[in-house]
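Observations on the three-dimensional arrangement
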Amino acid sequence: MPRLNVPPTKSNLFQYKEQLAVAREGFELLEQKRDILVMELMRMLEQVKLVEAELYRLSEKAYTSLRKTLLSLGRETVNEISKGIRYEFTVKERNIKVAGLNLPTLEVQPPSMELQYSLMDTYTYTDETMQIFLEYLKIIAEMASVRNMAWRLAKEVKKTQRRVNALEKMVIPDTAETVSYISSTLEEREREIFFIQKMLKSRREVNG
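The structure displayed is predicted, hence computed values, not measured ones. (Residues numbered from 1 in each chain as written. Predicted model: local features only at pLDDT ≥ 70, side-chain atom pairs only at ≥ 80, totals over all residues. Heavy atoms only, no water.)

Ranked by size, the top nonpolar core spans 20 residues in total, and within it Met44, Leu103, Tyr136, Ile139, Met143, Val146 and Leu153 carry the most contacts. Other than its neighbours up to four places away in sequence, Leu103 contacts Arg94, Asn95, Ile96, Val98, Met149, Arg152 and Leu153. Counting 13 residues, the second largest nonpolar core, distinct from the first, contains Val6, Ala23, Ile172 and Val179. (Core = buried A, V, L, I, M, F, W, Y, C linked by side-chain atoms within 4.5 Å. Buried < 20%, exposed > 50% of the residue type's maximum accessible area, 1.4 Å probe, protein only. Contact = heavy atoms within 4.5 Å.)

Written out as structure tokens, the structure reads:
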């Protein structure tokens, strides 16, 4: 394995041992974060499926009701009725925190039904269509929120996995190899020094 090109000194040995410990601790923490994010992503994808199913159900119901209204009143009458209808929606933004990640989401509160058109020449289909489309708009907003959160989670999982891979395949092996190289070099130097000192001592004893 490759090692870092540093002088084999005691100060460097101490420094890179510390770096190795920090890298290993960071690796474990990132693995835990990645696992939590993956679990949350899977949960969010299940929620997306549920909201999609509800969206498709309401979509079919809403447009079926609209077709009935158009057939009953006629396109021109429905168009005239729609021009006089105005509803105000309450939109709230909030953040959900997952594994230290802030995920923005929107909550849309549809208004309560109010009569904004004449009862003359209208049918129950009109009220039904209005109510269903108000629910439909709410579920569309919910779908946008959960899809955005799922996308943000997937992006963070990918980012965290890259950092895990970098630590596992590059930083930790390279640093460990560097520590091993410095340690073995210093030990070899100590053995050489010990051998030289022993030889000098033996010579002094012989000469003395």
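Having put the structure on the table, let's press on.
What follows is about the pattern of salt bridges. What the rule picks out here adds up to eight salt bridges. The partner of Lys33 in a salt bridge is Glu156, and the shortest N-O contact between them spans 3.3 Å. Highlighted residues: Lys33 in helix α1 (residues 10-73) and Glu156 in helix α3 (residues 124-207), separated in sequence by 123 residues. For Lys33, a relative accessible area of 24% corresponds to the partly exposed category. With its nearest N and O atoms 3.7 Å apart, the salt bridge here joins Glu46 to Lys49. One end of the pair is Glu46 and the other is Lys49, both in helix α1 and three residues apart, which spans about a single turn. Using a relative accessible area of 45% as the deciding quantity, one classes Glu46 as partly exposed. Where salt bridges share partners, they join Glu31, Arg34 and Asp35 into one cluster. (Salt bridge = Lys/Arg side-chain N within 4 Å of Asp/Glu carboxyl O. Helix = DSSP H or I, 4+ residues; strand = E, 2+ residues; numbered from the N terminus.)

The subject of this paragraph is α1. Between its first and last C-alpha atoms α1 spans 90 Å; for 64 residues at 1.5 Å apiece the expected length is 94 Å, and the two agree. Gly74, located one to two residues past α1, shows a positive phi value of around 95 degrees. (Expected span 1.5 Å × (residues − 1).)

This paragraph deals with the environment of Lys159. Mapped onto the secondary structure, Lys159 falls in helix α3. Distance from Lys159 to Arg34, taken between C-alpha atoms, is 9.2 Å for residues 125 residues apart in sequence.

As a further point, take a positive patch on the surface. Taken together, the side chains of Lys155, Lys158, Lys159, Arg162 and Arg163 present a region of like positive charge at the surface. Residue class for Lys159 comes out partly exposed when judged on its relative accessible area of 40%. (Patch = residues over 30% accessible without salt bridge, like charges linked within 9 Å, V, L, I, M, F, W, Y side chains within 5 Å. Areas by Shrake-Rupley, 256 points an atom, 1.4 Å probe, with all protein chains shown as cover. Lys, Arg positive; Asp, Glu negative; His and termini not counted. Charge placed at Lys NZ, Arg CZ, Asp CG, Glu CD.)

Limitation: the analysis is restricted to geometry and does not speak to function.
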